[in-house]
Structures are given as structure tokens and as C-alpha cells.
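Structural description and commentary
Now for the letters of each chain:
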Amino acid sequence: MNKDRVDLIIRFSYFMDASGYRYDVFISHAVEDKIPIANELSARLESAGLKVWYSGYELSVGDHLTKTIVEGIEQCRFGVVIFSPNYISKMWTLHEFHALLARERENRKVILPVLFEITPEELAVKHLPIADIFAIRASRGIETVTQLLLEEIDKQRQVEIRKSEYERSLEIKRKVKRISVAVLLGLCILAGFYITNRIFFDGPNAAFIERCVQNRLATLQQKADLMVEEERASHRARPTTEEAIIGIYTDFKNLESYYRNDYMLHTGLETIRSKKNVSTALGIDIELLNPYNAYGFTDPALYLTRNDAEQTMVYFVVNKDPVVTTVEKVKPLSDYEYTAEVSYTNYIRLIRTTLIFSSPEENAKGMKRHEMDITGFRPMERYIFTKSGDRWSYAIYSE
């Protein structure tokens with residue numbers, strides 16, 4: 001056993017003690033795939049120092065199958081899911097997959113997918129939400145699969161250790177603060193008088209801040225309005241109804257084909273791409289926005305462009321409700337610089353959706369495609385106000 005392998009086992013042993021989980025990985029697989037891949041993969045992961053929940057080891061005669069497996073999933077930090085034709089054809093294995101998926105949170109990966117005799121396109125046909133996540137192909141060999149899984153688990157655990165160490169350092173700081181509470185209280189009172197004086201006498205006044213925020217709103221709204229007007233002029237987009245868009249969207253969803261989703265957010269300050277990044281920026285699951293709930297708008301304006309020759313539909317959903325803003329936490333950064341946090345409600349202003357029912361250019365068999373372009377704000381932005389002479393200027397940064 002080489003030095004790197006020993007080091008990896010030592011680190012995994014430490015992770016198991018610190019994680020609070022009884023097992024490191026749960027191997028979710030179809031019973032038909034035990035001999036071809038699951039048995040050997042489980043053995044290799046165990047030999048690398050991991051504690052593995054595997055039905056071949058953990059189930060005993062007389063065990064309640066459902067209860068035992070659900071408990072196993074809850075006690076494991078990661079789930080190695082071996083996707084195969086057998087796996088996606090069984091209700092029980094998909095139940096295991098969705099149980100693992102329910103444990104995923106932002107910035108906390110749980111599922112580690114392995115593709116065995118199946119392609120991402122075949123997963124996409126089943127409409128599995130894992131289809132657009134990078135997976136390890138078993139065709140690369142069991143040794144490579146094992147090593148890539150170990151490296152990913154190691155990376156995720158290092159993140160958790162750093163977070164744990166950071167939380168411990170915060171606790172130490174809290175204890176120091178409690179010991180020095182009298183001194184700190186006095187300093188806070190003095191600082192409070194100083195900051196209050198700076199805010200009311202030296203900082204930008206409320207009217208100026210409000211003008212800056214309204215200018216930001218107007219600039220982005222103008223871009224959204226211009227986009228709709230240009231589309232109406234050049235492509236003959238016409239007003240349409242909610243029922244018409246729902247019908248088109250339903251036909252698209254029901255079309256049996258490979259598919260691709262593209263998401264993009266334009267804030268006027270930046271352009272953000274991919275479902276994960278757009279969802280994070282907006283603070284919502286972007287897939288929850290669809291025609292069935294009017295994309296979350298109360299009374300949107302709707303426009304539709306049809307191109308039957310190219311099998312393409314483009315529709316615009318315009319939010320007619322005004323943006324509501326709240327200015328918070330105005331405070332000084334230096335003698336000539338102040339910051340203010342501004343939160344927005346009704347921050348999505350326009351959604352442009354393109355449905356391509358068949359795209360031979362991308363796939364010889366035809367591939368449907370869903371593109372969503374969003375114009376709007378992040379829920380929170382930070383304004384930095386800088387004073388030069390008697391004049392204030394400002395810049396905006398995304399939160």
C-alpha cells in the first residue's frame with residue numbers, strides 16, 4: 001500500500017469520526033447489477049477505508065426491507081447511485097434515488113452518480129433531475145470509478161472540516177466576547193454614538209439614496225421593455241393568453257425526445273448562466289417557474305411568436321407589478337464611503353422562453369430544447385456611496 005493510499009485511509013477515518021454519520025456511503029443499485037459492478041465497487045471503497053452501507057452486507061434474514069434501507073440512507077453521508085437500464089426500470093430503486101435527492105441542499109452534495117451501460121440522454125428521457133449532473137461512466141474501468149469517487153468524497157469532506165473548524169473558532173471568539181462583555185459594551189456605546197453621528201450628518205441623505213435606487217430600477221426596466229418591443233417589431237410577436245401558452249408548453253413537455261435546458265439571468269450588472277447558478281442568484285428553484293403558475297406573476301402581459309416552419313415557439317411573460325424596494329443597513333465604511341443594502345420584491349421583470357420542438361442541428365434524431373432568459377434583479381444588492389468634494393457617486397454590487 002503506497003503512502004498516498006495510507007494518507008487517504010487516515011483522513012477518511014478522521015472524517016467518519018467527525019461527520020456524525022454511521023456510514024460514509026450508501027450504494028443504491030439494482031439487484032441485477034450486483035455481480036457486474038456493485039459487489040466489486042463496494043469492496044474497493046471499503047478497502048480504501050470507507051464505511052459502506054450495502055444491501056449485500058447489511059440486510060439479514062428477518063429484516064424489514066423498507067425500514068432497514070430507509071434507515072441506511074439516513075445514516076449515510078453520501079449515496080453512490082449506479083444508474084443502469086435495470087435501475088431506471090424499477091420503482092424501488094427510483095424510490096431510493098428520490099430519498100437521497102431529498103437530502104441534497106445547496107452547497108451540500110449527497111448523490112454521486114455512476115453510469116453503467118446507460119447514457120445521460122437515456123436518463124433524460126426518464127426526466128430524472130440528475131440527468132444534467134456530471135456522472136462517472138463505468139466504462140472507464142472499476143479502478144478509475146473508485147478513485148474518482150474517493151477524490152470527490154475527500155473534496156467534500158475537506159469542505160466540511162474547514163466549516164467545522166470555522167464554527168469552532170467562532171465559538172472561541174464568543175467566549176472571549178463574553179469574558180470582556182463590560183469593556184465591549186462600553187466600546188459599542190461609543191461606536192454607536194459615532195456611527196449615528198456619521199449617518200445623520202455626514203452620509204448621503206435618504207432622498208439621494210432613493211433617487212439612486214429608482215434610477216437602477218428604471219434602467220433595467222427600460223432594457224426589459226425594449227427587448228419586448230424589438231421582438232414585437234421584428235418577429236411579429238402578438239399578445240396571447242395564458243391558456244394558449246399552457247397548451248404549447250404542455251405539448252412540448254409531452255413530446256418524447258431527448259431534451260436540453262438552458263437558463264440565463266440578466267441583471268444589468270452581470271449575466272449568469274446554468275440552472276444552478278440562476279437558482280442561487282434568484283434564491284428560488286428556477287424549475288418551479290412555469291406557465292402553470294404564471295411564472296409566479298399575478299397578472300402578467302403575454303406575447304407569443306410562432307415559427308411553425310422551424311418548429312419553434314417564443315413567448316414573453318412580463319411582470320406588470322411594480323418593484324418594491326427596502327433600504328437597509330446604511331453604515332459608514334470610511335470617512336468618504338458609505339454602504340447600503342437594498343432588497344427587492346417582484347424582482348423578476350421579464351421571462352423570455354424559447355421552445356424548440358426539434359433541432360436536427362444538435363442531434364440527427366432531433367432534440368427538443370427549452371431556453372429561459374430572465375431579466376431581473378437579485379433579491380439583495382449592495383450600494384456603495386463615495387464622496388468626492390461636495391458630491392456623492394455610487395456603485396452597485398450583487399449580494
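The structure we're discussing is the one just above.
Residues numbered from 1 in each chain as written. Predicted model: local features only at pLDDT ≥ 70, side-chain atom pairs only at ≥ 80, totals over all residues. Heavy atoms only, no water.

Applying the stated rule across the entire model yields 12 aromatic pairs. When the centroid spacing of 4.9 Å and the interplanar angle of 20° are considered together, the rings of Phe 26 and Trp 53 count as stacked. With a gap of 27 residues between them, Phe 26 in strand β1 (residues 23–28) and Trp 53 in strand β2 (residues 52–53) connect regions that are remote in the sequence. The burial state of Phe 26 is the same as that of Trp 53; both residues are buried. (Phe/Tyr/Trp six-rings, centres within 6.5 Å; stacked < 30°, edge-to-face > 60°. Helix = DSSP H or I, 4+ residues; strand = E, 2+ residues; numbered from the N terminus. Buried < 20%, exposed > 50% of the residue type's maximum accessible area, 1.4 Å probe, protein only.)

Relative to strand β16 (residues 391–398), strand β15 (residues 380–388) runs antiparallel, the two sharing 8 bridges. Counterpart to Thr 386 in the pairing with β16 is Ser 393. Counting the residues that bridge the hairpin from β15 to β16 gives 2 residues, and of these Gly 389 lies at a positive phi of roughly 70°. (Pairing = 2+ DSSP bridges.)

Glancing now at the sheet that holds strand β7 (residues 258–266). Ordered by their spatial adjacency, 7 strands build an open sheet running β6-β9-β10-β13-β14-β7-β8, and the pairing between neighbours is mixed. Looking at strand neighbours, the two that pair on one side only are β6 (238–239) and β8 (271–273), the edges of this open sheet. Judged from the 3 bridges that link them, β7 and β8 form a sheet pairing that is antiparallel. Within β8, the residue paired with His 266 across the bridge is Thr 271. Across the sheet, helix α11 (residues 242–254) is in contact with β9 (301–307), β10 (312–318), β13 (348–356) and β14 (367–376); its angle to β14 comes to roughly 140°. In this fold helix α12 (residues 275–282) packs onto β7, β8, β13 and β14, with an angle of close to 40° to the strand it touches most, β7. (Contact = heavy atoms within 4.5 Å. Axes fitted to C-alpha atoms, helices over the stretch in contact; angles between N-to-C directions.)

Moving on, we come to the nonpolar core. The biggest cluster of nonpolar side chains holds 42 residues, and the ones touching the most others in it are Ile 351, Ile 374 and Phe 385. Looking at which element gives the most residues to this core, the answer is helix α10 (residues 206–235), with 6 residues. In contact with Phe 385, other than residues within four places in its own chain, are Pro 204, Phe 208, Ile 209, Cys 212, Tyr 336, Glu 337, Tyr 338, Ala 340, Trp 392, Ser 393 and Tyr 394. Formed by 22 residues, the second largest nonpolar core is a distinct cluster that contains Val 25, Ile 37, Ala 138 and Val 145. (Core = buried A, V, L, I, M, F, W, Y, C linked by side-chain atoms within 4.5 Å.)

Below, the discussion takes up the pairing of β10. The buried fraction of β10 amounts to 7 of the 7 residues, a majority that puts the element mostly inside the structure. What you see with β10 is no split at all: Thr 312, Val 314, Phe 316 and Val 318 on one side and Met 313, Tyr 315 and Val 317 on the other are buried throughout. Pairing geometry for β9 and β10, over 7 bridges, is antiparallel. Pairing of Leu 304 across the sheet is with Tyr 315, part of β10. Judged from the 7 bridges that link them, β10 and β13 form a sheet pairing that is antiparallel. Residue Thr 312 lies in a different strand from β13, and its bridge partner there is Ile 356.

So, on to unusual backbone geometry. With phi around 55°, Glu 117 is a residue other than glycine that occupies positive phi space. Relative to the assigned elements, Glu 117 resides in the loop between β4 (111–115) and α7 (120–125).

With that out of the way, let us pick up the environment of Lys 126. Relative to the helices and strands, Lys 126 is located in the loop between α7 and β5 (136–137). Taking the C-alpha atoms as reference points, Lys 126 and Glu 256, 130 residues apart in sequence, are found 9.6 Å from one another.

The next subject is the side chain of Lys 368. Topologically, Lys 368 is positioned in strand β14. Within the local environment of Lys 368, its side chain forms a polar contact with the backbone oxygen of Phe 252, the two atoms lying 2.9 Å apart. (Polar contact = N/O pair within 3.5 Å; in protein donor to acceptor, adjacent residues only side chain to side chain.)

This brings us to the pattern of salt bridges. Applying the stated rule across the entire model yields 13 salt bridges. Between Lys 320 and Asp 299 there is a salt bridge, with its nearest N and O atoms 3.4 Å apart. One end of the pair, Lys 320, is in the loop between β10 and β11 (324–334); the other, Asp 299, is in the loop between α12 and β9, with 21 residues separating them in the sequence. Taking relative accessible area as the criterion, Asp 299 reaches 46% and is therefore assigned partly exposed. Note that Arg 369 and Glu 371 form a salt bridge whose closest N and O atoms lie 2.9 Å from each other. Salt bridges linked by common partners bring Arg 260, Asp 262, Arg 369 and Glu 371 together as one network. (Salt bridge = Lys/Arg side-chain N within 4 Å of Asp/Glu carboxyl O.)

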